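Fold and contact review
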Amino acid sequence: MEDKRKIAWAMLDEMNQVILGKKQFTFQVLAALLADGHILLEDIPGVGKTTLALAVSRMMGFSWKRVQFTPDVLPSDLTGFTIYRRDIQQFIYQPGVVFCNLLLADEINRTSPKTQSALLEVMEERQVTVDGETREVPSPFFVIATQNPAGTTGTQRLPEAQMDRFLVSLTIGYPDTASEILMAKEVNAGKRADRTSVMMNADLVQEIQKEVENVYIHDRIYEYMVNLINATRNHPDLGLGASPRGTIALVRMSRAAAWLAGQDFVSTLDVSGQFLAVTRHRVLLSRKAEMEEKKKEDILQEVLDSVEKPSFRKT
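These numbers come from a predicted model, not from an experiment.

1. Regarding the pairing of strand 3 (residues 80-85)
Judged from the six bridges that link them, strand 3 and strand 4 (residues 90-95) form a sheet pairing that is antiparallel. Considered in strand 4, the bridge of Arg85 is made with Gln90. Once strand 3 ends, the chain turns through four residues before running back antiparallel as strand 4, passing Gln89 with a positive phi of about 55°.

This is the structure we're talking about:
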């Protein structure tokens, strides 16, 4: 186990050399992948989302593909299609872009709802069905999707069912001054993602995922997680609270965070540290809160502060 952790920590250090000044963000990205989950990045262009995906795919030894979502992207572009070959007089299946380990879905909220829906089955079931035949995608399979901030020209809101398929919603944000100065100095030094090396493989990732699944959670911690999720359903500023899938996501992310921190059990700090990333995209503001221009992050912090943390006696 410790050898695997050392590899994961080394990979985290590499990620911090690619995305400068964002240690909490890179920690959560790696935790989400080790929890076998998909990642939604809501951010402006140019802050390093594609660079991150390239670096992760290279370090994990994954096959990866990128699709730029526009209104004319079709469901068959994702899932594939069958075509009749006259030379052999047979229908041949042409795989879509989802047949890879890591799919970078850029600006997912610019495409049509029909195309967005085509991504649902593969995200949840890790398979696609074309012309009545079901095919599994490679394992492991991750989606790192980016979307522009709500209200940006040409965007449309993702269905709640699809948002719920993402384990976490993260933002990179602008770099700090020192990090941006370093970027400016390295304009001609080549892409940072190209300097990374392979540190894992698909088999090792799946072994780590199994270890993460076995991280111990006390019953009081389970109760704390459920109380947090329930509190999102009862807050007056939230018109829609997190679903039970949010509870499951919080369990998975908390375990991954504990494993990465070198623990064999989940603490309240692991839960509170991942709560915002797990719930941000699963809740909706009430109409009153929208009119008052309140922010989800502030409301979720209120929820986090209002729920009592379990205490444990030392023995």
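Picking up after the structure, the text goes on.
2. Here's the deal with the side chain of Asp270
By secondary structure assignment, the location of Asp270 is in helix 11 (residues 268-279). No salt bridge is formed by the buried Asp270; its nearest oppositely charged neighbour, Arg5, is found at 9.8 Å. A polar atom in the side chain of Asp270 sits 2.9 Å from the backbone nitrogen of Ser267. The residues contacting Asp270, other than those within four sequence positions of it, are Ser254, Ala257, Ala258, Gln263 and Phe265.

3. With respect to the packing of aromatic side chains
In the structure shown here, the tally under the stated rule is three aromatic pairs. An angle of 25° between the planes, with centres 5.8 Å apart, marks the rings of Phe62 and Phe142 as stacked. With Phe62 in the loop between helix 3 (49-59) and strand 2 (64-68) and Phe142 in strand 8 (residues 142-147), this residue pair connects regions lying 80 residues apart in the sequence. In this pair, the class of Phe62 matches that of Phe142, namely buried. Consider the rings of Tyr93 and Phe99, whose centres lie 6.1 Å apart with planes at 75°: the pair is edge-to-face. The residues Tyr93 and Phe99 share a single accessibility class, namely buried. Here Arg135 stacks its cationic end above the ring of Tyr93, 3.7 Å away from the centre of that ring.

Criteria and thresholds
- Residues numbered from 1 in each chain as written.
- Predicted model: local features only at pLDDT ≥ 70, side-chain atom pairs only at ≥ 80, totals over all residues.
- Heavy atoms only, no water.
- Pairing = 2+ DSSP bridges.
- Helix = DSSP H or I, 4+ residues; strand = E, 2+ residues; numbered from the N terminus.
- Buried < 20%, exposed > 50% of the residue type's maximum accessible area, 1.4 Å probe, protein only.
- Lys, Arg positive; Asp, Glu negative; His and termini not counted.
- Salt bridge = Lys/Arg side-chain N within 4 Å of Asp/Glu carboxyl O.
- Polar contact = N/O pair within 3.5 Å; in protein donor to acceptor, adjacent residues only side chain to side chain.
- Contact = heavy atoms within 4.5 Å.
- Phe/Tyr/Trp six-rings, centres within 6.5 Å; stacked < 30°, edge-to-face > 60°.
- Lys NZ or Arg CZ within 6 Å of the ring centre and 35° of its normal.

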